[in-house]
Amino acid sequence: MKRKAYAKINIALDAVGKREDGYHLLRMIMQTVDLYDLVEVNKNSIKNIRLTSNKHYIPTDERNLAYRAAQIFREKYNINEGIDIHITKNIPVAAGMAGGSTDAATVLYLMNKLFNVKAKNKELEELALKIGADVPYCINGGTVLCEGIGEKLTPLKRFKNKVVIIVKPNFGVSTKEVYRDLDISKIHKHVDIEGLIKAMQREDVNYISKNMKNVLENVTLRKHSILRRIKDDLVSEGALGSMMSGSGPTIFGFFEDMLIAQRAYEKLKEKYDYSDIFITRTI
């Protein structure tokens, strides 16, 4: 069985508190984009989990969230049969785009079908939270308000067909380290989540672009000055606004139409030829 595992961007990311266990309490607007890995699962006869990928740098053991998803699913539903997972990787890794999380969510979804478990989405989301904070969202994707540590999901009106350019520099960022270095007491202006949701309902991509905010920029942009340059370059090439996704280092910008975006894409490819650059749409 095969399924596309879609990447996400954050239209908003705010930290509003911290739990005793160290996890930050968040309010985020997550949005699926048309950039995806392809995940394939098959039963095998050796009763083990085997994971392969088209990219040599992808871990194929417990370090891979998709592998852990298969382990957790087998334990939860007492499945003794083995499983082969193959991931055709297109989403950049350590990019703030939920690449590992979406693969894991897709493994849960496909194993649910493959072994005819018939678990409801809510059950899969609860299982997904054991793997990572973004994994519950990735079960269904779309346009969603995510709260808590990512487990409270409120679907919003779909913010579809908005043109996006995504720039992922040639380095990764540790989500754990970014959150460790985030000082909530220094966040003096929180994100106007409600205002953004209203603007999304009226399809106001211009308002969104001017008012979207990610408090993790306070940490990641301070460490990597090139990200500020990419943000500025996106805007100077015609983006309505630009922002970092997740903990970074991916930067994205919304564009009014595909023609302007195409011209910007060519310029950015020339300037940042060592980076992964994508032109895509929200879905």
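Computed from a predicted model, the values in this text were never measured in an experiment.

A. Quick look at the pattern of salt bridges. In total, this model carries 15 salt bridges according to the counting rule given. Among the ionic pairs, arginine 180 bridges to aspartate 181, the shortest N-O distance being 3.1 Å. Classification of aspartate 181 by relative accessible area gives partly exposed; the value is 28%. One network of salt bridges, with partners in common, ties together Arg27, Glu147 and Glu194.

B. Layout of the side chain of threonine 106. Structurally, threonine 106 is set in helix 2 (residues 99-114). Among the polar contacts made by the side chain of threonine 106, one reaches the main-chain carbonyl oxygen of threonine 102 at a distance of 2.7 Å. If sequence neighbours within four positions are ignored, threonine 106 has contacts with Arg3, Lys4, Ala5 and Val39.

C. Looking closely at the environment of isoleucine 79. Position of isoleucine 79 relative to the elements: it lies in the loop between helix 1 (65-76) and strand 4 (82-88). Taking the C-alpha atoms as reference, isoleucine 79 lies 9.8 Å from valine 117; in sequence the two are 38 residues apart. If we skip the residues at most four places from it in the chain, isoleucine 79 touches Phe73, Arg74, Phe115 and Val117.

D. The sheet that holds strand 10 (residues 251-255), seen in detail. One open sheet accounts for four strands, arranged 9-10-7-11; its pairing is antiparallel. Each of the sheet's edge strands pairs with one partner strand only, and the pair in question is strand 9 (241-244) and strand 11 (276-281). Going from strand to strand, the sheet's axes swing by 20 degrees on average, the running direction of each strand aside. Summarising the sheet, strand 7 (residues 163-168) and strand 10 pair through five bridges and their orientation is antiparallel. Looking at strand 10, one finds that valine 167 is bridged to isoleucine 251.

Procedures and definitions
- Residues numbered from 1 in each chain as written.
- Predicted model: local features only at pLDDT ≥ 70, side-chain atom pairs only at ≥ 80, totals over all residues.
- Heavy atoms only, no water.
- Salt bridge = Lys/Arg side-chain N within 4 Å of Asp/Glu carboxyl O.
- Buried < 20%, exposed > 50% of the residue type's maximum accessible area, 1.4 Å probe, protein only.
- Helix = DSSP H or I, 4+ residues; strand = E, 2+ residues; numbered from the N terminus.
- Polar contact = N/O pair within 3.5 Å; in protein donor to acceptor, adjacent residues only side chain to side chain.
- Contact = heavy atoms within 4.5 Å.
- Pairing = 2+ DSSP bridges.
- Axes fitted to C-alpha atoms, helices over the stretch in contact; angles between N-to-C directions.

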